[in-house]
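Listed below are the residues making up each chain.
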Amino acid sequence: MSHATYDRLWADAQRTLDEATAIDSDLHAAKPQKDKRKASAVVCDLYVRYVTALASLDQCYDQIVQPQKRLLVRKLLDASLGRMLELKHELVNLDLSEFSYYDDVLISMNILPQEAEITIPQYYRREREQEIRQRRKTIDDVLKRLGFYEDEGAEPEMTEDEATRLIQVHERARQGRLRAQFMREIRHMKDKAKPDPLADDKAGSRAAALRIQKIWRGFITRRKIRRRVIEEMLLIGMLPPVAVESEARRRSEEVREARRAVQAEHQRQYEQALVREKEHVRRTRGEIIKEEIADAARCWYMDYKANTGKFPDFPSEESGGSAVLFSRQGAESEMSKSTAPSSKDSKGKKDKAKKAQKEKDPAKKRPEDEEDPGFKMLPSSFLGELVASCGTYQDVWCEKDERGNPSQTFYRDMILQDKEREVEAELRKTVDHMLRQELERLQAALDRDRARKGKRGKKASKKKGRRGGKKGKKKKERDLTPDRTLESLFEELVANGIIRKYPEVPLAAFKGERSFGNLALRQQGKDPLPSLGDVRQAVLEYCVLPLGSPAIHAMSPLVRSVLLAGPAGSGKRTLVHAVCTETGSVLFDLSAANIVGKYPGKAGLVMLVHLVSKVSRLLQPSVIFMDCAEKPFLKKVPKTDKTDPKRLKKDLPKLVKSIGPEDQVLLMGISRCPWECDQKALAQVYTKMILIPRPDYASRSYIWSELLFSYSGVNRQFDTAAIAQISDGYTVGRILAVLRDVMTCKRILQMRVQPLTHAELVTALSRHDPVYKEEEEAFLAWFQRTPIGRRKARAMELEELQRQGLEPQPAK
């Protein structure tokens, strides 16, 4: 596609963002909404608008080659992602569920569910591809050096004579097999074609011709009908199209790669121009800028002396230096002279006023009697940046004439403006330092002049004290390995199996359909189970999107830990590997079975936790993995368990608590029986708990279709609906195991002469255990005892009491 195509795509996304930011700003200024359903509908509408803009922005950032445009698109993309995650947490608080359903919003906006799918930004991995590849190579090198697996040496190159001889051997063998087959067929035909002396030659020839015609005409007629039926089914969407790599698709991918190469070259030229133009501005405009800053500052403090008879205090470097004077237009300079006691007095008066207001307000005294004020949108950390970036687009790029830049290289005038401001900010520090010394000398000269005239001026004591109280700084953790390099720590953890290599699995490999009926059930007051597509989106929103970008992770609502609970084979481990793959994270395995016998003793445990905490921050993004996440909090450890599962019971809460917004670290645990442990301790470690249920009919039908039709020999008219109905209760892992058992290499080769039958799949399916009703009920009972499950149950109880007109009972 051309440059203009992506400009139009950006313009369409920008219109969506302009509408979304306008609605968002109005919601922040609106009065609280007491109807939770109306509030949820409004937030869902805003959420969908941001989601639809994300796919276009990601495509633009991936394919636009002009480097200055890409900077703005990146800001818009990150801000939209962050705002979308904030709205997701608002929906969780409104619906009291980790899963959001907005089918009515999609219908009202005429948007397909596929258009509202959240896409993972491509730059998450593309900009770190070399770093990710180097880390995996380092892990391989360490394991090879330690002898965990042998290095498969490269095979020696084959000479031309050896290759020719090998081809001749195989070709002669093939011809021999064909010759033997032909001879068998000829011998068979001779035996059948022996003449019957009693039959009439003419009558036999006519009957044979009629028989051949009948069989041939029947064959070609059936083939035509079968082709027509398949074409009709494909037309109406009842059969998936055959995945064929077309020439157009291959050409499209080549164009995308070519644009990425041009993009990299333009970025390199832009970065060189940044350095070159900065030196040019410093060389040609540096002295002029210094004189302008100094003259303006001198005029300010001389005017101040003329009005007040004394020199002012020059603003400190922390407050912005002389830039503060010109941004506040001199009016704020009088405020900067306010003394500490006056500030303290004003602050004390405000505190007293607030305290008196609280005492007057009876609602503040009794929070349990306070009426629910309704939903009010929380302040956003991304909306300001989003509005500013949208304004930049309107001012700079919306109406910009780019006919003079057909190759989409950088604009030098824009670089000069930015670098002039940057050079001015750097030179201002030097000029401010000189002006402070000059002001001190002037003040000393003024004091000497007054003393000479006999006027004793009381010189104000210049105590440079900090304004405000002590800042609550985070207590810095003591480094137990200050003299060791990151490479040595990394190799040690790899050698001990703490840092593990994981299979690269995309999140799309966790197959499953979204639920399109749960919204109606929720509106009826029921609490429906999510589908596999809902689980995939929740993992995307809580794990992948925040973890992949440091800017988004630092400002979006913080998710420190996630627990995935579900029956065996439901895809928990696949989701953990998918999160690591999509974000390029390092996987730290702290499972009880993995650390048994490693770092023994109390000192060893302290060292292990310290190493994981330190290295995970240095190699972020990182995922700390816990298999059998319930084991550290078991009330009673079985005697047969020799892994010492409660070893990390006290350290896990501290480890999770130490994860801050600036740390791209996530704790992910998986569990098959989370109800067997202390629920309070489990909730202290895992802030988000996601239940993975058994697949519903839509997900099973989609999985069977996707997996079966990936084999070219399977008839496209194979009834997947029947096998989807039969496999009710089986997890995705069991379905995959069935396909591995049935679709062997030998069976695939026999597919043309012996088509696949349902009996083969059912027979293999019967060898596996489904998710029984008792296990499913145990998961549902556990999920209702989680913090969000309790909140949901309490809210539904209050709604029921309100409908009956009864007074709600206090929560236990």
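Remember, it's a predicted structure, so these values are computed and weren't measured experimentally.

Parameters and conventions
- Residues numbered from 1 in each chain as written.
- Predicted model: local features only at pLDDT ≥ 70, side-chain atom pairs only at ≥ 80, totals over all residues.
- Heavy atoms only, no water.
- Helix = DSSP H or I, 4+ residues; strand = E, 2+ residues; numbered from the N terminus.
- Contact = heavy atoms within 4.5 Å.
- Areas by Shrake-Rupley, 256 points an atom, 1.4 Å probe, with all protein chains shown as cover.
- Phe/Tyr/Trp six-rings, centres within 6.5 Å; stacked < 30°, edge-to-face > 60°.
- Buried < 20%, exposed > 50% of the residue type's maximum accessible area, 1.4 Å probe, protein only.
- Lys NZ or Arg CZ within 6 Å of the ring centre and 35° of its normal.
- Core = buried A, V, L, I, M, F, W, Y, C linked by side-chain atoms within 4.5 Å.
- Axes fitted to C-alpha atoms, helices over the stretch in contact; angles between N-to-C directions.
- Left-handed = near helix turned anticlockwise from the far one by under 90°.
- Nonpolar A, V, L, I, M, F, W, Y, C, P; charged D, E, K, R; others polar.
- Expected span 1.5 Å × (residues − 1).
- Arc of directions from axis to C-beta.
- Pairing = 2+ DSSP bridges.

### Re the overall build of the protein
Turning to step 1, where the next piece is worked out: Per the secondary structure count, the protein includes 31 helices and 6 strands.
Turning to step 2, where the next piece is worked out: Long-range contacts, defined here as pairs at least 24 residues apart, represent 83% of the contacts in the protein between residues at least 6 apart.
Turning to step 3, where the next piece is worked out: Carbon together with sulfur atoms contributes 54% to the accessible area of the protein, which is approximately 49,300 Å² in total.

### Points about the packing of aromatic side chains
Turning to step 1, where the next piece is worked out: Counting across every chain of the model gives 9 aromatic pairs.
Turning to step 2, where the next piece is worked out: Each ring, one from Tyr47 and one from Tyr102, has its centre 5.6 Å from the other, and the planes form 55°; the classification is tilted. Here Tyr47, found in helix H2 (residues 36-63), pairs with Tyr102, found in the loop between helix H3 (67-95) and helix H4 (103-108); they are 55 residues apart in sequence, far enough to count as distant. Neither Tyr47 nor Tyr102 differs from the other in exposure class; each is buried.
Turning to step 3, where the next piece is worked out: Seen in terms of ring centroids, Trp397 and Tyr411 are 5.9 Å apart; in terms of plane orientation they differ by 55°. Their pairing is tilted. Here Tyr411 lies in the loop between helix H14 (383-397) and helix H15 (412-452) and Trp397 lies in helix H14, a separation of 14 residues in the sequence.
Turning to step 4, where the next piece is worked out: The exposure class assigned to Trp397 is buried, which follows from its relative accessible area of 7%.
Turning to step 5, where the next piece is worked out: A cation over a ring is seen here: Arg70 above Tyr61, with NZ or CZ 4.2 Å from the ring centre.
Turning to step 6, where the next piece is worked out: Between the NZ or CZ atom of Arg74 and the centre of the ring of Tyr123, over which it lies, the distance is 3.8 Å.

### A word on the nonpolar core
Turning to step 1, where the next piece is worked out: Trp10, Met84, Leu564, Leu590, Tyr686 and Leu761 are the most contacted members of the largest nonpolar core, which totals 150 residues.
Turning to step 2, where the next piece is worked out: Among the elements that make up this core, the one with the highest residue count is H2 (13 residues).
Turning to step 3, where the next piece is worked out: Those residues in contact with Leu761 that lie beyond four places of it in its chain are Trp704, Leu708, Phe718, Ile723, Val738, Leu739, Val742 and Leu756.
Turning to step 4, where the next piece is worked out: Grouped together as the second largest cluster of nonpolar side chains are 16 residues, Phe311, Phe314, Leu325 and Leu427 included.

### Thoughts on the environment of Glu800
Turning to step 1, where the next piece is worked out: Following the sequence through the fold, Glu800 ends up in helix H31 (residues 787-804).
Turning to step 2, where the next piece is worked out: Given the relative accessible area of 34%, Glu800 is considered partly exposed.
Turning to step 3, where the next piece is worked out: Taking C-alpha positions, Glu800 is 9.5 Å from Gly525, a pair spaced 275 residues apart along the chain.

### Observations concerning the packing of helix H18 (residues 532-548) against helix H20 (residues 572-583)
Turning to step 1, where the next piece is worked out: Where H18 meets H20, the closest approach of the two axes is 10 Å, and the angle between their N-to-C directions is 35°. As for the relative orientation of H18 and H20, their crossing is right-handed in sense. Side by side, H18 and H20 meet where Val535, Val539, Cys543, Val544, Leu547 and Gly548 of the first sit next to Leu575, Val579, Glu582 and Thr583 of the second.
Turning to step 2, where the next piece is worked out: The residue makeup of the contact of H18 with H20, split by class, is 7 nonpolar, 2 polar and 1 charged.

### Topic: H14
Think of an α-helix as 3.6 residues a turn; residues three or four steps apart then line up on the same face.
Turning to step 1, where the next piece is worked out: Between its first and last C-alpha, H14 extends 20 Å over 15 residues, near the 21 Å set by a 1.5 Å rise per residue.
Turning to step 2, where the next piece is worked out: Taken together, the buried positions of H14 are occupied by Leu383, Leu386, Ser389, Cys390, Tyr393 and Trp397. Down the axis of H14, the smallest arc covering the buried residues is 130°, so these residues share one side.
Turning to step 3, where the next piece is worked out: On its buried side, H14 packs onto helix H1 (3-29), H2, H3 and H15.

### Re the sheet that holds strand E4 (residues 622-626)
Turning to step 1, where the next piece is worked out: Sheet architecture is open: 6 strands sit in the order E1-E3-E4-E5-E2-E6, paired in mixed fashion. If you trace the sheet from one side to the other, it starts and ends with strand E1 (499-500) and strand E6 (688-691), each paired once.
Turning to step 2, where the next piece is worked out: Of the pairings in the sheet, the one linking E4 to strand E5 (residues 665-671) comprises 5 bridges and is parallel in character. In the sheet register, Ile624 faces E5, and the bridge partner there is Leu667.

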